[in-house]
Amino acid sequence: MTSTFEIDFEPIGKRVDVAADSNLLDAARQAGIGLASVCGGEGTCGRCRVVIMSGKVSAPVDADRRFLSQLELSSGQRLACRCHVHSDVKVHVPKASLVTDQRLQVNGVARQMQIEAAVHAYEIEVPEPTLYDLRSDLDRVIDALETMHGQRKWFAEPAVVRTLSALARRTARAPSGPPTQSVGYGQAAWHLTVYARGHELVGFEAPGRKPIGFAADLGTTKVAGYLVDLETGEELASTGVMNPQIGYGEDVISRMVHATRNDDNSSELARVIREAFNVMIGSLAEEAGVSRDQVVEACIVGNTAMTHLLLDLPVHQLSVSPFVAATSTALDVKARDLQIELAVGAYVHVLPCIGGFVGADHVAMILGSDLDRKPYVAIGVDIGTNTESALLKPNEKTLTSASCASGPAFEGAHIRDGMRASTGAIEAVKITDAGVQIKTIGDAPPVGVCGSGIVDAIAEMYRSGVINNRGRLNREAASVRKNEQGWEFVLASADISGTERDIVITQSDVNEIQLAKGAISSGLETLMAATNTAPEDVEEVIVAGAFGSYLDLDSALAIGLLPRLPNAKYVQVGNAAGVGAKMALLSLKERQRAQQIMKRTGYIELTTQAGFNSRFAMSMLFPKNNPS
Ligand code: FES
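For clarity, every value in this text was computed on a predicted model and none was experimentally measured.

Account for the overall build of the protein chain, with residues named and values stated.
Counting its secondary structure elements, the protein chain contains 18 helices and 27 strands. The globule rule puts the C-alpha radius of gyration for 628 residues at 25 Å, and the 28 Å found for the protein chain is close to it. Its C-alpha atoms put the protein chain at 95 × 75 × 45 Å along the principal axes. Per-residue burial over the protein chain gives 56% buried out of 628 residues. Excluding contacts between residues fewer than 6 apart, the proportion of contacts in the protein chain whose partners are at least 24 apart in sequence is 67%. With the model as given, the accessible surface of the protein chain reaches about 26000 Å², and the carbon-plus-sulfur share is 51%.

Before we move on, can you summarise the sheet that holds strand β22 (residues 480-483) with the specific residues and values?
As summarised here, the arrangement of the 3 strands in space is β22-β23-β24, forming an open sheet in which the pairing is antiparallel. Two strands lie at the open edges of the sheet, namely β22 and β24 (503-506), each paired on one side alone. Across this sheet, the average inter-strand angle for adjacent strands is 45 degrees, counted without regard to direction. Examined bridge by bridge, strand β23 (residues 486-492) and β24 share 4 bridges and lie antiparallel to one another.

Describe in detail the pairing of strand β19 (residues 425-432), supporting the description with residues and values.
Pairing of β19 with strand β21 (residues 448-449) involves 2 bridges; the strand directions are parallel. Bridge pairing links Ala 425 to Gly 448 in β21. Pairing of β19 with strand β20 (residues 435-440) involves 6 bridges; the strand directions are antiparallel. Considered in β20, the bridge of Lys 430 is made with Gln 437. From the end of β19 to the start of β20, which pair antiparallel, there are 2 residues.

Lay out the packing of helix α16 (residues 576-586) against helix α17 (residues 588-600) with the relevant residues and their values.
How two helices sit against one another is set out by the angle between their axes and by the gap between those axes. In the contact formed by α16 and α17, the axes pass within 5 Å of each other and the chain directions differ by 125 degrees. Here α16 is positioned oblique relative to α17, judged by the angle of their axes. Residues Met 583, Ala 584, Leu 585 and Leu 586 of α16 touch α17, and the partners they reach there are Leu 588, Glu 590, Arg 591 and Arg 593. Classifying every residue of the contact of α16 with α17 gives 5 nonpolar, no polar and 3 charged.

Conventions adopted
- What you see as residue numbers is a count from 1 along each chain, following the sequence as written.
- With pLDDT at 70 or above as the cut-off, local features in this predicted model cover only qualifying residues; side-chain atom pairs require 80 or more to be listed or tallied, and sums for whole chains, interfaces and linings still use all residues.
- Side-chain numbers here rest on the full set of heavy atoms in the structure, without hydrogens or water.
- A run of H or I in DSSP counts as a helix once it spans at least four residues, and a run of E counts as a strand once it spans at least two, with each numbered from the N terminus.
- A radius of gyration in this sense is built from C-alpha atoms; the matching globule rule multiplies 2.2 Å by the number of residues raised to 0.38.
- Accessibility here uses a 1.4 Å probe with only protein chains present; expressed as a share of the type maximum, an area under 20% marks a residue as buried, one over 50% as exposed, and anything in between as partly exposed.
- Only heavy atoms enter the contact rule, under which two residues are in contact if any of them lie within 4.5 Å.
- Here, Shrake-Rupley sampling with a 1.4 Å probe gives the accessible areas, and only protein chains in the shown set may cover a residue.
- At least two bridges found by DSSP between two strands are what make those strands a pair.
- Between N-to-C directions, angles span 0 to 180 degrees; the directions come from axes that are lines fitted to C-alpha atoms, helices contributing only their stretch in contact.
- Should an angle lie under 35 degrees it is considered roughly parallel, over 145 roughly antiparallel, and from 65 to 115 roughly perpendicular; all remaining angles are considered oblique.
- Throughout, the ten residues Ala, Val, Leu, Ile, Met, Phe, Trp, Tyr, Cys and Pro are labelled nonpolar, Asp, Glu, Lys and Arg are labelled charged, and all others, Gly among them, are labelled polar.

And the structure:
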């Protein structure tokens, strides 16, 4: 009897052999296909739709029927995570079920700063051994360093020493200039670049090789990475990739649940993200024309769950109330202990986190946006599946953070035609007398609607009377109709869409957005109330992060996603967390500042604050006096 079956994923053209009765989501993971799985394979998100083209599979279950109509089921559509294979199977993967090809935010506002990196490069000349000078290779390097740069307690680990002897002999040549303190007339010498982190030698290279650093903002969905010259601060290359852990669950909770099922799962989650870093560093180094061995320091920030999963720290306690981190201090870990391929002795520095829900990326956002140094009352907010915010009161020298679960609606999840910000996503909407006008990413035929498009659409629907302030669809309005699943508003009709189906905003989509925006604005209002901050006291609202940088602020204010504060200017700063990661890479002082931010920042648990629930209920409504 056959114990494995071949699964053929089309139109991707990938084939994989899996054990009999495996489910198609696991098969897709095995094939390296980024199949959408917001819930991590629990059968509760409906995003992993595939079409069975041929072969035998298990019968539909309740989860299939919850997300797929009878017509869709009879045309072969199934949820991959609920579908077990009973023979060789050919599967069609619709574009909308893939998580690749996303618009990724890697840039933030550039910053001026003093550079004081953890690793320095020293160019040295080392006299070659002779019968009269039998010092070891490492001793003569250390002696040369001491002669040239003073008495210091230099040392190196065996793994670093291992790279020295052959390299040093490859660099041997007679000195061209006058004798130096190390080398006399005519004596052959090694010429080396030595990378030192404090007293520790972390790598050796040929002469003239600059020290390079790698900074990364490790997001739940996206990873932004940068290669930076550690002497000048110049950014040499940058890129953004999807976090490959997404195949194990799109939000932090489902990934942590997966990790806690067994040790193999948590090692697997660590392995896939470390591998992604290795690929990223390799391509960045190639683009910048430097060697991987020149990358002598890394600085990584991320939310608390992401840094824990990267470091393979336990996450069970982080996934259940009261949600505590295994550690919140800044960490220096040998890159090779994480199987991250940099210079052999390089370290990875992970910034401190504030709490279970307020991670190193939040500290980096404060650092990168200079929120802690504003001379007036200011708020920083980074909108995502979890929205973190911080409020600064300089006169009281306080910085207070809060976090709210705003859900993945702005990432396109739980929205009927929602999708991430990739090609074909509707990103802007206008409703005029002539009808609905849309703009898509890449000007491609529309295939769904991304976060900024949903906010725009809802703002326009509210402004034009398609929904009332309670979010109810006006059944008389143009383009509003009823189908078997309820009332909906047609954004783009099948004849222009890339999916050959109408793209719609349903009544339940509107309600999802009300929940998400209610969580964010009531969170900000509760943060202000808890710190005795009146709306007119706030002079700046800094909107950070990928979603925040594409958001239309007028639309966000119109639907009450952000509160209207009478004296505040609203500023979009892009990926401030990535900027903060680069700052901490380039400066030990900035690392100290991050530590101070961590110590100084108080955390309030919103749900325990008086009035939060009533504010949340009120914030679900759309603002009545809408000036737009
Ligand atoms: Fe299959 Fe969520 S329903 S991954």
